[in-house]
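Chain by chain, the residues:
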Amino acid sequence: MSVAQKAVIASTSPRAFILKHAALFAGAVLFVYVLSLTYGLDLSPGFF
């Protein structure tokens, strides 16, 4: 591992790491929920 990578990892607090991943997970859940409401993406030729 390079010195730059160690510096980035050391400066990131565990709390920020957990919050970032919780936000990413919440965004993924929201995306899947919206897709389930719309029955997927409409990529038919008439849509464009």
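If you're wondering where the values come from, they're calculated on a predicted model, not measured in any experiment.

### Quick word on the overall build of the protein
1) Next: The number of helices and strands found in the protein is two helices and zero strands.
2) Next: When each of the 48 residues of the protein is scored for burial, the buried share is 0%.
3) Next: Split by element, the accessible area of the protein, about 4600 Å² in all, is 76% carbon and sulfur.

### Brief notes about a nonpolar patch on the surface
1) Next: A surface patch of nonpolar side chains, about 410 Å² in accessible area, is lined by Leu-30, Tyr-33, Val-34 and Leu-37.
2) Next: In this fold, Leu-30 is placed in helix 2 (residues 14-37).
3) Next: For Leu-30, a relative accessible area of 53% gives the class exposed.

### Here's the deal with helix 2
1) Next: Between its first and last C-alpha, helix 2 extends 35 Å over 24 residues, near the 34 Å set by a 1.5 Å rise per residue.
2) Next: A positive backbone phi angle near 60 degrees is found at Tyr-39, which sits one or two residues after helix 2.

Calculation notes
Residues numbered from 1 in each chain as written. Predicted model: local features only at pLDDT ≥ 70, side-chain atom pairs only at ≥ 80, totals over all residues. Heavy atoms only, no water. Helix = DSSP H or I, 4+ residues; strand = E, 2+ residues; numbered from the N terminus. Buried < 20%, exposed > 50% of the residue type's maximum accessible area, 1.4 Å probe, protein only. Areas by Shrake-Rupley, 256 points an atom, 1.4 Å probe, with all protein chains shown as cover. Patch = residues over 30% accessible without salt bridge, like charges linked within 9 Å, V, L, I, M, F, W, Y side chains within 5 Å. Salt bridge = Lys/Arg side-chain N within 4 Å of Asp/Glu carboxyl O. Expected span 1.5 Å × (residues − 1).

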